[in-house]
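A structural walkthrough
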Amino acid sequence: MYEHDVLVVGGGGAGLRAAIAAHEEGADVAIVSKIHPVRSHTGAAEGGINAALQEDDSWEDHAYDTMKGSDYLADAPAVETFAQTSPEEVIQLEHWGMPFSRNEDGTVMQRPFGGLSYPRTTYAGAETGHHLLHTLYEQVVKRGIDVYQEWFVTRLAVTDEEDPEDRSAHGFVAIDVKSGEVAGFKARNGVILATGGAGQAYDHTTNAVSLTGDGISMAYRAGVPIEDMEMIQFHPTTLPSTGVLITEGVRGEGGRLFNSEGERFMFEYGYATNDGELASRDVVSRAELTEVNEGRGINDEYVYLDMRHLGEERIMDRLENIVHLAEDFEGVNALEEPMPVKPGQHYMMGGIETNEHGQTCIDGLYAAGETACVSLHGANRLGGNALPDLFVFGANAGRHAAGVDLGDPMIPVGPDDDAERADVDWPVEPGAVEPVVEEPAADGGVTDPAAVVETAVEAEKARIDELLSREDGVEHMEIRKKVQQAMTEWVNVFREEEGIKKALKEIREAREMYSDVYVTDKSRTFNTDLQHTLETESVLDVAESIAMGALARTEFRGAHWRKEHQERKDDEWIKHTMLSWNDGEPEMWYRPVLLEGEDTEWEPKERSY
Ligand SMILES: Cc1cc2nc3c(=O)[nH]c(=O)nc-3n(C[C@H](O)[C@H](O)[C@H](O)COP(=O)(O)OP(=O)(O)OC[C@H]3O[C@@H](n4cnc5c(N)ncnc54)[C@H](O)[C@@H]3O)c2cc1C
């Protein structure tokens, strides 16, 4: 068994920042990551990092834009902490050597991004995430923080008291991808989940194949509520054939969207007469799909994004990467032709419920980054707000796990017995089907930390042995594809009741197929077939929770558009959708949105751009 004070699962921006923060507080920290840290998906971020750095900008304006962008589904204490702390985090990054793009006078350059009232997005060319990961990873190496790379975490080791708030996390089980060894990891202080997004629930996504929502599924199954899962961001500019992202930086620099008639439709059809292409992402995504649905798309599928007028010099200085992506993935020379683009799944606004210190309701279990929901982004994240989220709340999680007293949190966590319960007519029973193997009575009342980890290791070994011993059944890809197609067809930018119900039925069938899943590759070394099979169970949990939330929320808010409910219903719906897994049965309940923080109080207003 491996043992450290703080164990961080995931080596992306959130995991690296959390590990550095815990280490700075004197903890013995290790990062356990299924891919090498610098291959994490943070590296794909092209656009930039928002922070109010200038004298004529302010954290209050950043908070206002974030709250308005969220369509008033964000919690004010999270928004305040975020907007107040991101400037110091960005300056910290600069001091660690982040090669930001700069103005002539040497100051860090900032550019406009969608939904921002001030050009506050710092960046490093169109490779911000790549430089960011390397900057943070260097700090990890410099500090001698242990990194277990290519170790795939499959299960948390948590005590099994009846009330999740009485449980405590002591570590987890992971598979060494290189050798197949299944081992226990024990955390003396805390476990931080920083496992990123879950775009693999969709078949057209900007996310890597590694983003399967493992952290969300593990925390959910251990008893932590998951929050606002229906809130999925669709990015308006992805390449049609692959889902590869074309950064919002293109529109930030002045890029324009056109339909097949050559019209600049954001203005001409009144989707966003003030901000045009720089309206927020949900607005632009719906505009593009409306153009396609009304016959003004190209090849009935996409619209054009044009940056030729910016001139080669500016493009190559600030957006060179985009020229390569368009060429490599679409065969288009973006210096001479417009690029085809359409909306694609991009970001999870929902996730593991945490407070502003990164804590979940289980003692010793934390979450940060895209896997977590603090809740900062509400119903729509602003471009450039995800990366500072990683630093601000990743650092808080690291510090708290290392034992620093961060004061009393303002955001509550944990299942609420008095909460309003959801009253939804599910078309099929959601939740568990047959487990691959019967659980050995969970932890059976075991509370000694090492024994909790050992019991989890035994359960996981039994599950993996059973999967590898099966000679036939259904392959994971068949199951994953069924889910991805159902989600893309019915729980996408535009949603309607019948479609969401169809998706839930498909997901149920996929869950039933999963009880017959088998692994064709029986080897132990680099068994990606086994890994993808285990990840597919996470994809099932994530997809089901998104579809359940989408059916329950009978209003139109931010990224969540419903055909039958074309208005935002503030009287009824300024509340978070919470889902708790109780012995395999998901239970839905609601928690009110916190519109009051320490320094700010918000009155929901109509969003216009
Ligand atoms: C193409 C693209 C461009 C973007 N551009 C921007 C931008 O310009 N600005 C912005 O603010 N945001 C941007 N975003 C969003 C932002 O980049 C992400 O939300 C953020 O990088 C997520 O970071 P993370 O640390 O939470 O997760 P990731 O960077 O995805 O890292 C997840 C880590 O978890 C590990 N992991 C996952 N599951 C397991 C497991 N079971 N066991 C062990 N390890 C596991 C992985 O190995 C990985 O190291 C972009 C997103 C995408 C997809």
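See above for the structure.
Residues numbered from 1 in each chain as written. Predicted model: local features only at pLDDT ≥ 70, side-chain atom pairs only at ≥ 80, totals over all residues. Heavy atoms only, no water.

**So, the nonpolar core**
Counting residues in hydrophobic clusters, the biggest one holds 84 residues, and the most contacted among them are Leu156, Phe172, Leu193 and Ile546. Looking at which element gives the most residues to this core, the answer is helix 15 (residues 528–552), with 12 residues. By size, the runner-up hydrophobic cluster in this structure holds 37 residues, among which are Leu16, Ala19, Val29 and Val90. (Core = buried A, V, L, I, M, F, W, Y, C linked by side-chain atoms within 4.5 Å. Buried < 20%, exposed > 50% of the residue type's maximum accessible area, 1.4 Å probe, protein only. Helix = DSSP H or I, 4+ residues; strand = E, 2+ residues; numbered from the N terminus.)

**With respect to the packing of helix 1 (residues 13–24) against helix 4 (residues 128–143)**
Two elements in contact, helix 1 and helix 4, have axes whose closest approach is 10 Å; the angle formed by their N-to-C orientations is 35 degrees. Where helix 1 crosses over helix 4, the two elements pack in a sense that is left-handed. Contacts between helix 1 and helix 4 pair Gly13, Leu16, Arg17, Ile20, His23 and Glu24 from the former with Leu133, Leu136, Tyr137, Gln139, Val140 and Arg143 from the latter. Partitioning the contact of helix 1 with helix 4 into residue classes produces six nonpolar, three polar and three charged. (Axes fitted to C-alpha atoms, helices over the stretch in contact; angles between N-to-C directions. Left-handed = near helix turned anticlockwise from the far one by under 90°. Contact = heavy atoms within 4.5 Å. Nonpolar A, V, L, I, M, F, W, Y, C, P; charged D, E, K, R; others polar.)

**Here we look at helix 3 (residues 76–95)**
When the terminal C-alpha atoms of helix 3 are compared, their 29 Å separation across 20 residues agrees well with the 28 Å that a helix rising 1.5 Å per residue should span. The sharpest bend along helix 3 reaches about 40 degrees and sits at Thr85, with the proline Pro87 one to four residues further on. In the stretch just after helix 3, Gly97 is the one whose phi turns positive, near 105 degrees. (Expected span 1.5 Å × (residues − 1). Bend = angle between axes of the 7 residues up to and from the residue.)

**Focus on the site of the ligand**
Around the ligand, the structure places 39 residues, and the nearest of them are Ser40, Thr42, Gly47, Asp214 and Glu370. One of the backbone nitrogen or oxygen atoms of Gly11 is found 2.8 Å away from an oxygen atom of the ligand. In the model, an oxygen atom of the ligand is placed 3.1 Å from a nitrogen or oxygen of the Ala386 main chain. A total of 1000 Å² of accessible area belongs to the ligand in isolation, and the protein chains cover 98% of it. Put simply, the parts of the chain that give the shell around the ligand at least two residues each are helix 1, strand 2 (29–33), strand 7 (151–158), strand 14 (339–348) and helix 11 (386–401). Residue classes in the shell around the ligand are distributed as 16 nonpolar, 18 polar and five charged. (Near = heavy atom within 4 Å. Polar contact = N/O pair within 3.5 Å; in protein donor to acceptor, adjacent residues only side chain to side chain. Areas by Shrake-Rupley, 256 points an atom, 1.4 Å probe, with all protein chains shown as cover.)

**A few points about the pattern of salt bridges**
For the coordinates displayed, the defined rule picks out 53 salt bridges. Taking the shortest distance from any N to any O, the salt bridge between Glu544 and Arg511 comes out at 3.0 Å. Residue Glu544 is found in helix 15, and its partner Arg511 is found in helix 14 (residues 497–514); the two are separated by 33 residues along the sequence. Using a relative accessible area of 3% as the deciding quantity, one classes Glu544 as buried. Salt-bridge contacts for Arg557 lead to Glu555; the nearest nitrogen and oxygen are separated by 2.6 Å. (Salt bridge = Lys/Arg side-chain N within 4 Å of Asp/Glu carboxyl O.)

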